[in-house]
Amino acid sequence: MAIAQDLANLASAFAFEGEPTKAQAIASGHINRTYYLTYDNGRGGENYYLLQKINSAVFQDVPALMANVARLLAYFKNEPHISEELFYGREPELIFTKNGASFLAAADGSFWRAYTFIGAATILKEPALVEIRAAAFAYGSLARRLANLSCELFNETIPNFHALKSRLLAFNAALSAAAEERPERYKKVLPLAQKLSAMATLALPLAKAIASGELPRRLAHNDTKLSNILFAKESHEPLSIIDFDTVMPGSPLYDFGDLVRSAAATGAEDEPEGMEISLEKYEVICQGFIPPLLPILNEAEREYLPLAPLTITCELSLRFFADYLSGDHYFAIHYPEQNFKRGLAQLKLAESMAERAGEMAKIAKNNLSPQNLKKVY
Ligand code: GN1
Ligand code: MG
């Protein structure tokens, strides 16, 4: 059996069917550790599952996290359809432990959970424009569906997750601490600090409007990067949105912003060379994401929406640099300077967004006009 004894022991706590034959680590996602498990079902077939070690340094209240995930996935199973024209994907299901719990607290203090595996699916690294538009429609549909649920039902598992002001403070604190603790890293980031805070200052009005209540708090996904959508392997149609760990009170504007950050950039998240915003990709994101939300967005949301990509991109730049300065404990890295490169790539992207702000606002405005309503309903 090509499965390590400790993994096999953990897996035996879950209500999987059959006998485990294979376990393979999957290197996707920056936070949790994921294993793909194969089970022999005893009838000549195989079952596939995902077993995930929850990062409890990031999600410090695992019961609150799993209460959110279980509530949401149970809701999806019998979700009333607002409109058949929205995207309703095939979400993964939780596999409970044999004791009926949504997660396992292991003897060594680690936390584990399991999901059904969605087959014949793939992540698109370099999607075509039509595929980006379809992904944006899927995320826009989800934002609309989530906004139908009450925020009160969900725990805020990471407080101030998208609060730019506190991200800026945390970055400054990490920079000061690094002066003594990691002088090499401090020297690399220091020359960028002024630019970063200039970018964040441009984005702060949106953050303030959320903090003051001018923008409504709505349930949101909060981690809408392109790699959190699975596409069908053959047709490349969106199949399923994944990673519901940060579904909590937020704003659809943040979901729009993070999709633009991850899908309308000219390079990968950690590639600063030549990094800028592609207005072509941005436009198809507007075309996909905005129409499903048109029936609910209020005036303030329409006004601030074009600022959301800059807000989220600044946030990520600050977070990657802060993690770099603090010794790379938050985001998984695959090579030593990766968090620095991520921070720099996001800073360049933010600068490019600030430069093209007028054009971005105009494109958003075209798609926010009420005549687009008929495109979905
Ligand atoms: C993390 O879990 P994952 O890899 O989808 C992070 C997001 C960042 C993203 C950047 C809980 O997302 O906030 O936008 O990395 N998740 C958490 O790639 O911090
Ligand atoms: Mg995640």
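Residues numbered from 1 in each chain as written. Chains lettered and ligands numbered in written order. Predicted model: local features only at pLDDT ≥ 70, side-chain atom pairs only at ≥ 80, totals over all residues.

### Quick notes on the environment of L239
With respect to the helices, strands and loops of the structure, L239 is situated in strand β10 (residues 238-241). Taking the number of C-beta atoms within 10 Å as the measure of exposure, L239 has 21 and is therefore buried. In the structure, L239 is positioned 104 residues away from A135 in sequence and 9.4 Å away in space, judged by C-alpha atoms. Apart from the residues lying within four places of it in its own chain, the contact partners of L239 are G89, R90, I118, A121, L230, F231 and A232. (Helix = DSSP H or I, 4+ residues; strand = E, 2+ residues; numbered from the N terminus. Buried ≥ 20, exposed ≤ 12 C-beta atoms within 10 Å, placed from the backbone. Contact = placed C-beta atoms within 7 Å.)

### Overview of the packing of helix α4 (residues 164-181) against helix α5 (residues 183-211)
Interhelical geometry of α4 versus α5 gives an angle of 165° and a closest axis separation of 10 Å. Judged by the inter-axis angle, α4 sits roughly antiparallel to α5. Here α4 runs over α5; the crossing is left-handed. Taken together, the residues of α5 that come into contact with α4 (itself represented by L164, K165, L168, L175, A178 and A179) are P183, R185, Y186, V189, L190, A193, S197, A200, A203, L204 and A207. Across the contact of α4 with α5, the residue classes break down as 14 nonpolar, one polar and two charged. (Axes fitted to C-alpha atoms, helices over the stretch in contact; angles between N-to-C directions. Parallel < 35°, antiparallel > 145°, perpendicular 65-115°, else oblique. Left-handed = near helix turned anticlockwise from the far one by under 90°. Nonpolar A, V, L, I, M, F, W, Y, C, P; charged D, E, K, R; others polar.)

### Let's talk about the site of ligand 1
Close to ligand 1 lie G29, H30, I31, V58, D223, K225, N228, D243, D245, T246, E269 and L316. Among the residues forming the shell around ligand 1, the class breakdown is three nonpolar, four polar and five charged. Both of domain 1 (5-117) and domain 2 (129-372) provide at least three residues apiece to the shell around ligand 1. (Near = placed C-beta within 6 Å. Domains from an automatic or database assignment.)

### Details of the domain arrangement of the protein chain
If you check the domain split of the protein chain, you get domain 1 (5-117) and domain 2 (129-372). Using C-alpha coordinates to define each centre, domain 1 is positioned 26 Å away from domain 2. Listed as interface residues are 20 residues of domain 1 and, on the opposing side, 24 residues of domain 2. Looking at the side of domain 1 that touches domain 2 residue by residue, the class counts come to 11 nonpolar, four polar and five charged.

### Considering the packing of helix α9 (residues 308-325) against helix α10 (residues 338-355)
For the pair α9 and α10, the least separation of the axes is 8 Å and the interaxial angle reads 155°. The angle between the axes of α9 and α10 places the two elements in the roughly antiparallel class. Of the two possible hands of crossing, α9 and α10 adopt the one that is left-handed. Residues P309, L310, T313, C314, L316, S317, F320, F321, D323 and Y324 of α9 form the contact with α10, whose own contacting residues are N339, F340, R342, G343, Q346, L347, L349, A350, M353 and A354. Looking at the contact of α9 with α10 residue by residue, the class counts come to 13 nonpolar, five polar and two charged.

### Here's the deal with the pairing of strand β3 (residues 46-54)
Across eight bridges, strand β2 (residues 33-40) lies against β3 in antiparallel orientation. The residue of β3 that forms the bridge with T38 is Y48. Remark: five residues form the turn of the hairpin made by β2 and β3, two consecutive strands paired antiparallel; G42 in that turn has positive phi of roughly 85°. The pairing of β3 with strand β6 (residues 111-116) spans six bridges and is classified as antiparallel. Residue pairing for β6: Y49 is matched across the bridge by T116. (Pairing = 2+ DSSP bridges.)

### A closer look at the pairing of strand β9 (residues 229-232)
Two strands pair when backbone bridges link them, and strand β7 (residues 121-122) and β9 are joined in this way by two bridges, in the antiparallel orientation. In the strand pairing of β9, T122 is matched with F231. In this sheet, β10 lies alongside β9 in antiparallel orientation, the contact comprising three bridges. Bridging across to β10, I229 finds its partner in I241. Between the end of β9 and the start of β10, which pair antiparallel, lie five residues, with H236 showing a positive phi angle near 60°.

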